[in-house]
Every structure is written in structure tokens, then in C-alpha cells.
Amino acid sequence: MAGTVGGMGILDARRVLAVQPHYDDNDIGCAGTLTLLARAGAEVGYVTGTDDLAGVLDPDQADDVARRQLFDEAREAGTIVGASRFVDLDWPDAAGLDRVALRDQIIDLIREFRPDLVLTIDPTLPDEAHQDHLITAAAVSEAVLLSGLPRVRRESGDRAFGVAKIAYYYTVEPNDTVDTSQVQIERHAALDCYRAQFTADDLVGLHVALDRCERAN
């Protein structure tokens with residue numbers, strides 16, 4: 001499932017913050033793992049960096065209507081997985097994320113939520129062209145590194161909190177895996193919520209690709 005850093009097992013986490021650049025990334029990358037965590041009693045929070053409007057298929061759909069559809073689809077999928085908290089940072093999709101500003105937002109969220117596990121996209125992906133993915137991954141990784149230092153982000157430094165473990169999905173070099181075979185119904189159902197960005201044929205292909213990836217790991 002993910003490349004990991006830290007000694008705690010992924011499924012041992014009790015408070016989990018899953019940070020994604022777009023509404024569908026957590027559910028494509030680690031919905032099975034998050035479902036298992038929620039089933040085991042972990043509190044799962046989703047943080048989404050951008051408004052995800054660039055990926056909406058209908059070019060004529062008004063932005064406010066598209067935002068509402070994306071919002072509803074993401075909540076539907078996250079609820080299937082077992083997430084209980086959703087935070088939207090609402091940066092414009094594919095329009096230039098500010099890494100430091102995003103990092104600081106994530107530091108504050110970590111200090112508020114106090115997770116023992118943070119999940120995000122692997123920041124070292126060699127063939128990733130989407131800068132939203134790379135910037136988010138780098139910002140989250142640095143936020144985890146710095147969130148325990150009270151002199152960083154002094155505005156929230158009195159609540160400094162060190163995260164025990166970070167795990168990366170979409171990784172090409174996993175050093176840990178999670179067997180999600182018992183939650184395949186939930187994993188597939190979460191993906192099927194994303195109708196604004198994927199056609200029915202797209203979703204079929206996505207399911208097949210993810211199943212193939214799981215068998216390979």
C-alpha cells in the first residue's frame with residue numbers, strides 16, 4: 001500500500017489524518033487501508049488541498065454546481081470508508097500551490113487533530129507530472145517533520161505535536177503493505193462515487209488497474 005517512515009504499524013494507529021491534493025486521491029490510493037483503520041476504531045480525517053475543479057468532465061457546468069457535486073461525492077466516498085472529519089483547504093486546482101503556505105496549514109491541522117499516523121502521496125514519485133501531487137506530498141512531509149517544533153509556526157507552537165508515523169501511497173517502492181481483501185466492497189464503492197471526474201468506462205478501468213496493483217503487491 002505505502003512506503004512508510006516510523007516504527008508503529010499502520011493498522012495500530014488510532015487517529016489518522018489522510019491529506020490529498022484532490023478529492024479522489026485518498027480513495028484511489030488507500031481507501032482499503034483507511035476502511036480497515038476505521039473498522040478497528042481509528043478516527044479518520046480527510047484533508048483536501050485543492051478545489052479539484054480542473055478535473056470536472058463537463059466544461060459547461062457552473063463552478064458552484066461543480067463544487068457542490070465534488071463536495072457531495074467526496075463526502076459520500078469518505079463516509080463509506082469511515083472518515084468522520086473533512087477539511088477543505090480550497091486552493092485552486094492546477095493553478096500553482098504555495099508549498100510553504102500549504103505546509104503551515106497542515107502543521108496547524110496536525111497540532112489540532114494530533115494524529116499518530118499521517119498518509120499522503122509519495123513525494124519521490126519519479127514520473128509524476130502533476131505538480132499539485134508533488135507539492136502537496138512535499139508540504140505534508142515537511143509539516144510532519146516540523147509540527148513538533150514549537151518555534152515553527154509560533155502561532156500554534158504552544159500545541160506542538162510530533163507525529164509517530166507517515167505513510168505514502170501511490171509509491172513505486174513500497175516497504176510495507178496492507179492486506180485489504182476483506183474490504184474490497186467498500187474500496188470499490190468509494191471509487192464509484194466520483195462521477196464528476198470519471199466516466200463509467202473510466203471507473204471500470206480504474207477498478208481493474210487497482211486490483212491488478214494489489215495482486216502485484
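The structure we're discussing is the one just above.
Residues numbered from 1 in each chain as written. Predicted model: local features only at pLDDT ≥ 70, side-chain atom pairs only at ≥ 80, totals over all residues. Heavy atoms only, no water.

A.B. asks: Explain the packing of aromatic side chains to me, please; I cannot follow it from the model alone.
C.D. replies: In the structure shown here, the tally under the stated rule is 2 aromatic pairs. With a centroid separation of 5.7 Å and an interplanar angle of 65°, the aromatic rings of Tyr 46 and Phe 86 are classed as edge-to-face. Separated by 40 residues along the polypeptide, Tyr 46 in strand β3 (residues 43-50) and Phe 86 in strand β4 (residues 85-91) bring together distant segments of the chain. For Phe 86, a relative accessible area of 24% puts it in the partly exposed group. A centroid spacing of 4.9 Å and a plane angle of 90° characterise the contact between Tyr 169 and Tyr 170, whose relative ring orientation is edge-to-face. Tyr 169 sits in the buried class, given a relative accessible area of 0%. Over the ring of Phe 113 we find Arg 15; its NZ or CZ atom is 4.4 Å from the centre of that ring. (Phe/Tyr/Trp six-rings, centres within 6.5 Å; stacked < 30°, edge-to-face > 60°. Helix = DSSP H or I, 4+ residues; strand = E, 2+ residues; numbered from the N terminus. Buried < 20%, exposed > 50% of the residue type's maximum accessible area, 1.4 Å probe, protein only. Lys NZ or Arg CZ within 6 Å of the ring centre and 35° of its normal.)

A.B. asks: Looking at this model, I keep getting lost on the nonpolar core. Mind explaining?
C.D. replies: In a soluble, globular protein the nonpolar side chains are often hidden away together inside. In terms of nonpolar packing, the biggest core is built from 34 residues, with Val 16, Leu 34, Leu 37, Tyr 46, Leu 117 and Leu 119 touching the most fellow members. Among the secondary structure elements, those contributing two or more residues to this core are β2 (15-20), α1 (25-39), β3, α2 (63-81), β5 (117-121) and β6 (165-169). Listed in part, the 25 residues of the second largest apolar core include Val 87, Leu 97, Phe 113 and Tyr 168. (Core = buried A, V, L, I, M, F, W, Y, C linked by side-chain atoms within 4.5 Å.)

A.B. asks: Any chance you could explain the packing of α1 against helix α5 (residues 184-191) here in plain terms?
C.D. replies: Any two packed helices are characterised by the angle at which their axes cross and by the distance between the axes. The geometry of α1 relative to α5 is characterised by a closest axis approach of 9 Å and an angle of 135° between their N-to-C directions. Taken as axis vectors, α1 and α5 run oblique relative to one another. In this structure, α1 meets α5 at a crossing whose hand is right-handed. Listed contacts from α5 to Asp 27, Ile 28, Ala 31, Gly 32, Thr 35 and Arg 39 of α1 are Glu 186, Arg 187, Ala 190 and Leu 191. Considering only residue class, the contact of α1 with α5 consists of 4 nonpolar, 2 polar and 4 charged. (Axes fitted to C-alpha atoms, helices over the stretch in contact; angles between N-to-C directions. Parallel < 35°, antiparallel > 145°, perpendicular 65-115°, else oblique. Left-handed = near helix turned anticlockwise from the far one by under 90°. Contact = heavy atoms within 4.5 Å. Nonpolar A, V, L, I, M, F, W, Y, C, P; charged D, E, K, R; others polar.)

A.B. asks: Any chance you could explain the pairing of β4 here in plain terms?
C.D. replies: The two faces of a sheet get side chains in turn, since along a regular strand they alternate between them. Summarising the sheet, β3 and β4 pair through 5 bridges and their orientation is parallel. Bridge pairing links Thr 48 to Asp 88 in β4. The β-α-β motif built from β3, the intervening α2 and the parallel element β4 has right-handed crossover chirality. (Pairing = 2+ DSSP bridges. Right-handed = clockwise from strand over helix to strand, strands pointing away.)

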